[in-house]
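Okay, here's what each chain looks like letter by letter:
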Amino acid sequence: MADTATGPPRSGRREPAHPAGPQVHRLSLWQRLKRDKVMLLLTLPGLLYFVVFHYVPLLGYVVAFQHYEPYLGYMHSTWTGLSNFSAAFSQPAFWSATRNTVEIAVIQLVFFFPVPIALALLLNSVVSGRVRRFVQSVVYLPHFIGWIIIVSIFQQVLGGAGLLPHLLGKVGLPRYDMMSDPHAFPWLLTLESIWKDAGWGTIIILAALIGIDRGLYESAAIDGAGPWRRLWHVTLPGISPVIVLLLILNLGNLLSVGFEQILLQRDAVGPDAGEVLDTYVYYHGIQDNDWGVAAAVGLVKAVVGTVLVVGANKFAHRLGHEGVYRGADR
Amino acid sequence: MLTADTTDVTRSRPAREGADPSGSGAKARRAARGAGGSEGRPPWMERPSLAGRWGKAVILVLVVAAVAYPMIGIIATSFASQSDIIKSSGLVLWPAHPTLAAYRTVFTGGVVLRALFVSIGVTVVGTFASLLMTIGMAYGLSRREVTGSRIILMTALFTMLFNAGIIPNFLLVKNLGLYNTYASLVMPTLMSAFNLVVLRAFFMNLPTELLDAARIDGAGDLRILVSVVLPLSKAVIAVVSLFYAVTYWNAFFNALLYLDDSDKWPLPMVLRSYVLQGQSLSGAAAGETVAPQQAVQMAVLVIAVVPILLVYPFLQRYFTKGVLTGAVKG
């Protein structure tokens, strides 16, 4: 884990650009702190935030090993070892939530992932800059709309009293309500995600497309390659590093299917189809006060999730890509 | 409007180029237009087939319509009368008998108005606090030689790799005494490591000559931030504040978890209960003409969407820059 983030030593040992120049190394720690005091003071509130709201809560996972009672607190609740974990693992509901999580994630990955790429290729092939920019500004917009609003909008179009069942009824077909069909749930989520974020996802692909050397296209065309062959032999190889990187990072987020999106629609399809690990933790912990078991499930999910993310990043590095974190520290 | 635009541009292009078969003229024109290499079709590229052009135009129109239709639909429905809604079933696209009854109902109810004030307050205060802290931290970490900056940066970046999870966060908020306070809507999500990285990368890429010149003129670190760095970073700060503001405006997770008292609900929670769960707005004044339930729901949605629609056009041209500095480019 440390290796992922620290990266090669080169980034840390670059010559300092400070006017103090070569004398920097001779300053004592105290002198350096004094020199940097303004800069350090400016980082302090942010550092405090990250420590208090991201690191300190990790201590709360002791609850996973306790029979936690809120009025007793961490100190006085009884320790139960791993019994919360075995209780969770023996529940069919836990396995059903795990299955749903993976199923939803895989369907989202397979069917969402290609859409921004296709859309970006289409946008890139639009000759008129005006049209391209107009379409771009339209398709970026849904990214900024909250899940509640998006689910409400889908309710108006696909829900029981919405447009689609109405149209189906008009042509004599059964009035199909996708919003309450448990079998359609992963597909519904995917559809909503595409509506919200496919446009936004084109930004990164479009940037990669712009980075492709124009000369390659020209030589390919002169050599007689038609548009499709140029797409296959120039464009796709040109953007494949970005695609691979995005794919790997997406695999890393396999267990993090959208909590808000699913919570809002879980009740319409019932927990059998609509429960994922995050909603399981929410309903068992916050709603039913089964703190220990919920925390145990949360901990398992967090550990597996972190391993996946870190592993995905390492894998991306191995393929010669700068992962998110190394890239950020350049 | 878009249909005309797309087809017009694609249709007129071959005619123009047909008049100048040598291709060099097209190149010159493109250069003269000064819009860079991506504008217009390069001379080696063949004219797209008629079917290809139309296919592309149709897909683009469908994509734009998929975003625009629900947006226009909810706005139009919110102004619709009962007869309009019965006639169209689902979303109304053009209210034949426009009425403000839905908005009168919403605003006399008090619930939505109060939630609106909560949301505005949380968004304004939260965005301001987030921005201050993120700017301070990003600037403090923007010079590598600052003592300890590397460890502090890593502390912040690591939070991208794991998420403490629902139960520990809930227990933390409770233990800090933030449960059921407005502060619980802001503090747990004060900063995002992503926005920090975006700002820091931007600050690091500012020309060092300018900063050095300011230092030679006797400006301290804080003075450089205020009078050199910030004026040069208006665009990226605009994007980061949009990211923060939208997050606060749409935030639902914090309110769901940390608020017990429905009087403190922000707008998304109210949306959830009145639009998704279909509860009727209580407290609507008796004797008022009752607006159709669906129009009232759409009016609440419109109130939640309009602020985003209003700021979006001003900021969207900076997105690409903002997103890319944070993501692959580092």
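Predicted model, so just to flag it, every value in this text is computed and none were measured.

Criteria and thresholds
Residues numbered from 1 in each chain as written. Chains lettered and ligands numbered in written order. Predicted model: local features only at pLDDT ≥ 70, side-chain atom pairs only at ≥ 80, totals over all residues. Heavy atoms only, no water. Helix = DSSP H or I, 4+ residues; strand = E, 2+ residues; numbered from the N terminus. Buried < 20%, exposed > 50% of the residue type's maximum accessible area, 1.4 Å probe, protein only. Contact = heavy atoms within 4.5 Å. Areas by Shrake-Rupley, 256 points an atom, 1.4 Å probe, with all protein chains shown as cover. Buried area = accessible area lost by both parts, 1.4 Å probe. Salt bridge = Lys/Arg side-chain N within 4 Å of Asp/Glu carboxyl O. Polar contact = N/O pair within 3.5 Å; in protein donor to acceptor, adjacent residues only side chain to side chain. Nonpolar A, V, L, I, M, F, W, Y, C, P; charged D, E, K, R; others polar. UniProt positions renumbered as here; feature names shortened; annotations may be inferred. Core = buried A, V, L, I, M, F, W, Y, C linked by side-chain atoms within 4.5 Å. Phe/Tyr/Trp six-rings, centres within 6.5 Å; stacked < 30°, edge-to-face > 60°. Lys NZ or Arg CZ within 6 Å of the ring centre and 35° of its normal. Patch = residues over 30% accessible without salt bridge, like charges linked within 9 Å, V, L, I, M, F, W, Y side chains within 5 Å. Axes fitted to C-alpha atoms, helices over the stretch in contact; angles between N-to-C directions. Parallel < 35°, antiparallel > 145°, perpendicular 65-115°, else oblique. Left-handed = near helix turned anticlockwise from the far one by under 90°. pLDDT = per-residue confidence, 0-100.

**Student:** Go over the overall build of chain A, please, and point to the residues and values.
**Tutor:** Across its full length, chain A holds 18 helices and two strands. Here chain A, with 330 residues, has 52% of them falling under the buried criterion. Looking at chain A alone, contacts between residues at least 24 apart form 64% of all its contacts between residues at least 6 apart. When the accessible surface of chain A is split by element, carbon and sulfur atoms take 66% of a total near 15,600 Å².

**Student:** Give me the interface of chain B and chain A: which residues, what numbers.
**Tutor:** With 111 residues of chain B at the interface, the matching set in chain A holds 110 residues. Here chain B meets chain A over a buried area of about 9,700 Å², counting both sides, of which 73% is carbon and sulfur. Counting across the chain B and chain A interface gives zero salt bridges. Put simply, chain B and chain A have 14 residue pairs in polar contact (both at pLDDT 80 or more) between them. For the side of chain B that touches chain A, the leading source of residues is helix H3 (residues 50–78) of chain B, giving 11 residues. Considered class by class, the residues forming the side of chain B that touches chain A number 72 nonpolar, 24 polar and 15 charged.

**Student:** Report on the UniProt feature "transmembrane region" (unreviewed entry) in chain B, specifying residues and quantitative values.
**Tutor:** All names here are of chain B. With numbering matched to this structure, UniProt assigns "transmembrane region" (unreviewed entry) to residues 57–80, 115–139, 151–173, 185–203, 224–249 and 295–315. Within residues 57–80, the helical portion is 92% and the strand portion 0%, while the C-alpha atoms at the span's ends are 32 Å from each other. Secondary structure across residues 185–203 comprises 68% helix and 0% strand; the distance between its end C-alpha atoms is 29 Å.

**Student:** I'd love a proper account of the pattern of salt bridges, names of residues and values included.
**Tutor:** Here the structure, examined in full by the defined rule, presents eight salt bridges over all chains. Among the salt bridges present, the one from Arg35 of chain A reaches Asp36 of chain A, with a minimum N-O distance of 2.8 Å. Residue Asp36 of chain A is classed as buried on the basis of its relative accessible area of 2%. What emerges from the salt-bridge pattern is a single network uniting Arg143, Asp212, Arg215 and Asp221 of chain B.

**Student:** So what's going on with the side chain of Arg230 of chain A? Which residues, and what values?
**Tutor:** Its place among the elements puts Arg230 of chain A in helix H13 (residues 227–252). Residue contacts for Arg230 of chain A: discarding those within four places in its chain leaves Tyr217, Ala220, Ala221, Ala225 and Thr235 of chain A together with Trp44, Met45 and Glu46 of chain B.

**Student:** Describe helix H8 (residues 166–175) of chain B, and please don't skip the residues or the numbers.
**Tutor:** Residues and elements named next belong to chain B. With respect to burial, H8 is a largely interior element, eight of its 10 residues being buried. The complete set of buried residues in H8 reads Ile166, Ile167, Pro168, Asn169, Phe170, Leu171, Leu172 and Val173. Just beyond H8, the residue with positive phi is Gly177, at close to 75 degrees.

**Student:** Describe in detail the nonpolar core, supporting the description with residues and values.
**Tutor:** One finds Phe144 and Tyr282 of chain A together with Met191, Phe203 and Phe319 of chain B to be the most contacted residues of the largest nonpolar core, which totals 175 residues. Broken down by element, the residue count for this core peaks at 13 residues, all from helix H16 (residues 293–315) of chain B. Once you skip the residues sitting within four places of it in the chain, Phe144 of chain A turns out to touch Trp200 of chain A together with Leu242, Phe243, Val246, Asn250, Ile308, Tyr312 and Phe319 of chain B.

**Student:** Requested: an account of the packing of aromatic side chains, with residues and values cited.
**Tutor:** In this structure the tally under the stated criterion is 23 aromatic pairs over all chains. Taking the centre distance of 5.4 Å and the plane angle of 40 degrees together, the rings of Phe65 of chain A and Phe85 of chain A count as tilted. Taken together, the positions of Phe65 of chain A in the loop between helix H3 (37–55) and strand E1 (66–67) and Phe85 of chain A in helix H5 (residues 83–89) put the pair 20 residues apart, joining distant regions of the chain. In this structure Phe85 of chain A comes out as buried when scored by relative accessible area, which is 11%. Among the aromatic residues, ring-to-ring pairing joins Tyr140, Phe144 and Trp200 of chain A together with Phe243 and Tyr312 of chain B into one connected group. Its guanidinium or amino end placed over the ring of Tyr283 of chain A, Arg266 of chain A lies 3.7 Å from that ring's centre, counting from NZ or CZ. Over the face of the ring belonging to Tyr179 of chain B we find Lys174 of chain B, whose NZ or CZ atom lies 4.6 Å from the ring centre.

**Student:** Kindly report on a nonpolar patch on the surface, identifying the contributing residues and their values.
**Tutor:** On the surface, Val102, Val106, Val110, Phe111 and Trp187 of chain A cluster together to form a nonpolar patch covering roughly 420 Å² of accessible area. Among the elements that line the nonpolar patch, the one with the most residues is helix H6 (residues 92–112) of chain A, at four residues.

**Student:** Outline the packing of helix H15 (residues 267–276) of chain B against H16 of chain B, supporting the account with residue identities and numerical values.
**Tutor:** Residue and element names in this part refer to chain B. For the pair H15 and H16, the least separation of the axes is 10 Å and the interaxial angle reads 160 degrees. With respect to H16, the axis of H15 lies roughly antiparallel. Relative to H16, the crossing made by H15 is left-handed. Between H15, through Leu267, Leu271, Tyr274 and Val275, and H16, the contact on the second element is made entirely by Gln297, Val300, Leu301, Ile303 and Ala304. In terms of residue class, the contact of H15 with H16 is made up of eight nonpolar, one polar and no charged.

**Student:** Describe the confidence of the model for chain A, naming the residues involved and giving the relevant values.
**Tutor:** All names here are of chain A. Mean pLDDT over chain A stands at 83; residues scoring 70 or higher make up 89%. Per-residue pLDDT, averaged within each element of chain A, yields its smallest value for helix H1 (residues 2–6) (40) and its largest for H3 (94). Per-residue pLDDT stays below 50 along residues 1–17; that stretch engages in 25 contacts with residues further than four places along the chain or on separate chains.

**Student:** With reference to specific residues and values, describe the packing of H3 of chain B against H16 of chain B.
**Tutor:** Residues and elements named next belong to chain B. Two elements in contact, H3 and H16, have axes whose closest approach is 8 Å; the angle formed by their N-to-C orientations is 125 degrees. Put simply, H3 runs oblique to H16. Regarding H3 and H16, the two cross each other, and that crossing is left-handed. Here Met71, Ile74, Ile75, Thr77 and Ser78 of H3 lie close against H16, whose contacting residues are Gln294, Ala295, Met298, Ala299, Leu301, Val302, Val305 and Leu309. Each residue belonging to the contact of H3 with H16 can be placed in one class, and the counts come to 10 nonpolar, three polar and no charged.

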